[in-house]
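Residue strings, one per chain:
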Amino acid sequence: PRSQILNAPKLSDQKKLWSMKLMSLLAPLVYLVNPGMVSLIGARMIQISFQHGVTQESAVALVSYGLTYISALNDIEEGYRWAKLALLIIDRFKAQSLYPK
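First, a word on scope: everything that follows refers to the structure included in this document. (Residues numbered from 1 in each chain as written. Predicted model: local features only at pLDDT ≥ 70, side-chain atom pairs only at ≥ 80, totals over all residues. Heavy atoms only, no water.)

When helices and strands are tallied, the chain shows 5 helices and 0 strands. Each helix and strand of the chain, ordered N terminal to C terminal, gives the series α-α-α-α-α. Compactness check: the chain gives a C-alpha radius of gyration of 13 Å against a globular reference of 13 Å for 101 residues, within 12% of the reference. For the chain, the C-alpha atoms occupy an extent of roughly 35 × 25 × 25 Å along the three principal directions. Residue burial in the chain is summarised as follows: out of 101 residues, 34% are buried. In the chain, the share of contacts with a sequence separation of at least 24, taken over all contacts with a separation of at least 6, comes to 64%. Only carbon and sulfur atoms are counted for the fraction: they give 63% of the accessible area of the chain, which is about 6400 Å². Computed over 11 positive and 6 negative side-chain charges, the separation of the two mean positions in the chain equals 8 Å. (Helix = DSSP H or I, 4+ residues; strand = E, 2+ residues; numbered from the N terminus. Rg over C-alpha atoms; globule rule 2.2 N^0.38 Å. Buried < 20%, exposed > 50% of the residue type's maximum accessible area, 1.4 Å probe, protein only. Contact = heavy atoms within 4.5 Å. Areas by Shrake-Rupley, 256 points an atom, 1.4 Å probe, with all protein chains shown as cover. Lys, Arg positive; Asp, Glu negative; His and termini not counted. Charge placed at Lys NZ, Arg CZ, Asp CG, Glu CD.)

Encoded structure:
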């Protein structure tokens, strides 16, 4: 699955692209109110990425997936792998604004 998302085509459907942008903006706010919901947002974003293509916002989904592995499953190594994949997506799209500050 990891190489599949890394090599996936770019998302071209404008409606899906805007939904990815919206979910990536909402995820940090949702985390403050209900951290468990971020996993659902991330899962939906990953689903869109696998089915329709990737965008820079796919990195947000991968990080939330990794966070779920770390916080809910206590699997730090697997969470780290997903975070590294997110960095590769950021590099692919030259989306330096998504790097942690």
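Moving on: the packing of aromatic side chains. Taken as a whole and judged by the stated rule, the model has 2 aromatic pairs. Their ring planes at 75° and their centres at 5.4 Å tell us that tyrosine 65 and tyrosine 69 sit as a pair that is edge-to-face. Of the two residues, tyrosine 65 and tyrosine 69 both sit in helix 4 (residues 58-71), 4 residues apart, roughly one turn of that helix. With centroids separated by 4.7 Å and ring planes inclined at 80°, the aromatic side chains of tyrosine 65 and tryptophan 82 adopt a geometry described as edge-to-face. Placement of tyrosine 65 in helix 4 and of tryptophan 82 in helix 5 (residues 76-92) is noted, with a sequence separation of 17 residues between them. Relative accessible area serves as the criterion here: at 30%, tyrosine 65 is assigned to the partly exposed category. Lysine 21 extends its terminal NZ or CZ atom over the ring of tryptophan 18, reaching a point 5.9 Å from the ring centre. (Phe/Tyr/Trp six-rings, centres within 6.5 Å; stacked < 30°, edge-to-face > 60°. Lys NZ or Arg CZ within 6 Å of the ring centre and 35° of its normal.)

On to the nonpolar core, then. Of all hydrophobic cores here, the largest spans 22 residues; its most connected members are Met20, Met23, Met45 and Leu62. Mapped onto this core, the elements with two or more residues apiece are helix 2 (14-33), helix 3 (35-52), helix 4 and helix 5. Top element by residues in this core is helix 5. It accounts for 5 residues. Here methionine 45 is in contact with Met20, Met23, Ser24, Glu57, Val60 and Ala61, once residues within four sequence places are set aside. (Core = buried A, V, L, I, M, F, W, Y, C linked by side-chain atoms within 4.5 Å.)

Looking now at helix 2. Counted at 1.5 Å a residue, the expected span for helix 2 with its 20 residues is 28 Å, and the 29 Å between its end C-alpha atoms agrees. Along helix 2, the helix axis deviates most sharply at alanine 27, where the bend reaches about 35°; the proline proline 28 sits within four residues downstream. Every buried residue of helix 2 is accounted for by Leu17, Met20, Met23, Ser24 and Ala27. At the N-terminal end of helix 2, a side-chain oxygen is found 2.9 Å from the backbone nitrogen of lysine 15, two or three residues along, and the residue is aspartate 13. (Expected span 1.5 Å × (residues − 1). Bend = angle between axes of the 7 residues up to and from the residue. Polar contact = N/O pair within 3.5 Å; in protein donor to acceptor, adjacent residues only side chain to side chain.)

It is worth spelling out the packing of helix 4 against helix 5 at this point. Running from amino to carboxyl end, helix 4 crosses helix 5 at an angle of 170°, the nearest separation of the two axes being 7 Å. Classed by the angle they form, the pair helix 4 and helix 5 counts as roughly antiparallel. Note on element contacts: helix 5 touches helix 4 through Ile76, Glu78, Gly79, Tyr80, Trp82, Leu85, Ala86, Ile89 and Ile90, opposite Ser58, Ala59, Leu62, Val63, Tyr65, Gly66, Tyr69 and Ile70. Class assignment for the residues of the contact of helix 4 with helix 5 results in 13 nonpolar, 3 polar and 1 charged. (Axes fitted to C-alpha atoms, helices over the stretch in contact; angles between N-to-C directions. Parallel < 35°, antiparallel > 145°, perpendicular 65-115°, else oblique. Nonpolar A, V, L, I, M, F, W, Y, C, P; charged D, E, K, R; others polar.)

Everything listed here is a matter of coordinates, which is why it stays silent on function.
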